[in-house]
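A look at the structure
Chain by chain, the residues:
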Amino acid sequence: MSRLVVSNLSINRAELPVVTSVDLIAESGAISVVLGANGAGKTTLLEGLSGIIPVAGGTIAIDGRELQNARPGTRSREGLAHVEQGRTVFRQLTTDENLRVSLHPGADMAEAYALFPELLQRRAVKASLLSGGEQQMLVIARALLTRPKVLLIDEMSAGLAPVIVTRLMTAVRKLADDGLAVLLVEQFAALALSIGNRAYVMSRGRVVYDGDCAKLRQSPDELHRLYLGGTEVPAEAN
Ligand SMILES: Nc1ncnc2c1ncn2[C@@H]1O[C@H](COP(=O)(O)OP(=O)(O)OP(=O)(O)O)[C@@H](O)[C@H]1O
């Protein structure tokens, strides 16, 4: 069992606060979904967690081990993997080569192909020639081969057809069911809430909702209000 615990985290961009006093948890077997309008600070939050940008205050811990001052490589070795926005494949390498460069000791290429059998048929194809959905499968599979405890995923569905998004969501649910802790930033709110366990909604850098995915899914009006900048954290979430 692994647990990412983020406490009182603040992150600045160009010296302005973009993430303010965020508390959240992601744990083995569960998907924590992070929702929020454009500019709410979701990508900044993930970049601060994986160490792409420095944090201004607060703590980031995996299984009690604090990482907020560690370099990205150390955070990765401690079990944090970040699937960034924009499908960052090595375009000139084949699918198989892309996977191989991420292969950590103890990981097995078969795990990647078991998660996405679609990639097996495309193993000798250059990544630049894969479809958007296949490229997204590839970056998720690559992250898996680093043997993470906690997987951060940033808007994996951007620009993809609904049928592909559903396929990706099913795969991410399976990863959580197999024991990973997943923190999923997503724009397809309804779909993310249908596979997630715990939901966080961010507005202007702060968490304005912390509660059950199922509960929020049943309250589209509440979700809409939160997206528009609601500031109350519901009592049952505390
Ligand atoms: N490199 C940067 N330098 C300065 N400000 C930035 C930078 N990147 C983002 N910001 C600002 O930080 C705020 C949060 O942006 P961020 O991308 O984290 O939000 P987001 O919730 O992920 O939005 P989106 O859904 O549009 O990706 C925005 O006001 C944005 O303009």
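Residues numbered from 1 in each chain as written. Predicted model: local features only at pLDDT ≥ 70, side-chain atom pairs only at ≥ 80, totals over all residues. Heavy atoms only, no water.

Concerning the site of the ligand
Cut-off, in case you're wondering: A single heavy atom is enough: if one lies within 4 Å of a molecule or strand, its residue is considered near that molecule or strand. By the criterion applied in these results, polar contacts are pairs of N or O atoms within 3.5 Å in which, for protein atoms, one can donate a hydrogen and the other can accept it, and in which residues neighboring in sequence qualify only through two side-chain atoms. Here, Shrake-Rupley sampling with a 1.4 Å probe gives the accessible areas, and only protein chains in the shown set may cover a residue. Secondary structure is summarised from DSSP: a helix means a run of H or I of at least four residues, a strand means a run of E of at least two, and numbering begins at the N terminus for each. When residues are grouped by polarity, Ala, Val, Leu, Ile, Met, Phe, Trp, Tyr, Cys and Pro land in nonpolar, Asp, Glu, Lys and Arg in charged, and all others, Gly among them, in polar.
What surrounds the ligand is the set R13, V18, A37, N38, G39, A40, G41, K42, T43, T44, Q85 and E155. In this structure, an oxygen atom belonging to the ligand sits 3.3 Å away from a side-chain N or O atom of N38. Here an oxygen atom of the ligand sits 2.5 Å away from a polar atom, N or O, in the side chain of T44. When the ligand is considered free in solution it has 630 Å² of accessible area, and contact with the protein chains removes 58% of it. Top element by residues in the shell around the ligand is helix α1 (residues 42-50). It accounts for three residues. For the shell around the ligand, a count of residues per class yields three nonpolar, six polar and three charged.

Points about the sheet that holds strand β4 (residues 57-62)
Rules: Paired strands are those between which DSSP finds at least two bridges. Here, two residues are considered to be in contact whenever any of their heavy atoms come within 4.5 Å of each other. For helices, the fitted line uses only the C-alpha atoms of the stretch in contact; every axis is such a line through C-alpha atoms, and the angle between N-to-C directions lies from 0 to 180 degrees.
Strand order in the open sheet made by the four strands is β2-β1-β4-β5, with antiparallel pairing throughout. Each edge of the open sheet carries a strand with a single partner, namely β2 (16-27) and β5 (65-66). Direction of pairing for strand β1 (residues 3-13) relative to β4: antiparallel, over a ladder of five bridges. In the strand pairing of β4, S7 is matched with T59. Here α1 sits on the sheet in contact with β1, β2 and β4, set at roughly 115 degrees to β1.

Notes on the sheet that holds strand β3 (residues 31-36)
Reading across the sheet, the six strands line up as β6-β7-β8-β3-β9-β10 and stay open at both edges, with mixed pairing between neighbours. With one partner strand each, in any of the chains shown, β6 (80-83) and β10 (206-212) form the two edges of the open sheet. Taking the axes of each pair of neighbouring strands and ignoring which way they run, one obtains an average angle of 15 degrees across the sheet. Pairing between β3 and strand β8 (residues 181-185): four bridges, direction parallel. Residue pairing in the sheet places V34 in a bridge with V185 of β8.

Details of the pattern of salt bridges
To keep it simple, the criterion reads: Here, a salt bridge means any side-chain nitrogen of Lys or Arg that lies within 4 Å of a carboxyl oxygen of Asp or Glu. Buried means the residue's accessible area, taken with a 1.4 Å probe over protein chains only, is under 20% of the maximum for its type, while exposed means over 50%, and partly exposed covers the values in between.
Applying the stated criterion across every chain, the model contains 12 salt bridges. In this structure, the salt-bridge partner of D96 is R100, at a minimum N-O distance of 3.2 Å. In this pair, D96 and R100 are both assigned in helix α3 (residues 95-102), four residues apart and thus about one turn of the helix distant. With a shortest N-O distance of 3.1 Å, D210 and R198 are connected by a salt bridge. Pair noted here: D210 is in strand β10 and R198 is in strand β9 (residues 198-203), with a separation of 12 residues, a long-range link. With a relative accessible area of 15%, D210 lands in the buried category. The structure contains a network of salt bridges with shared partners spanning D96, R100 and R123.

Structural notes on unusual backbone geometry
Phi is positive for R147, which is not a glycine, with a value near 55 degrees. Its location among the elements puts R147 in the loop between α6 (132-144) and β7 (150-154). Positioned with a positive phi, E155 is a non-glycine residue whose angle comes to about 40 degrees. Residue position: E155 is located in the loop between β7 and α7 (162-177). Residue class for E155 comes out buried when judged on its relative accessible area of 13%.

Thoughts on the environment of L175
Residue position: L175 is located in helix α7. Between the alpha carbons of L175 and I31 there is a distance of 9.4 Å; along the sequence they are 144 residues apart. When sequence neighbours within four positions are dropped, the list of residues in contact with L175 reads L115, I140, L144, L151 and L180.

Read these as spatial facts, not as claims about activity.
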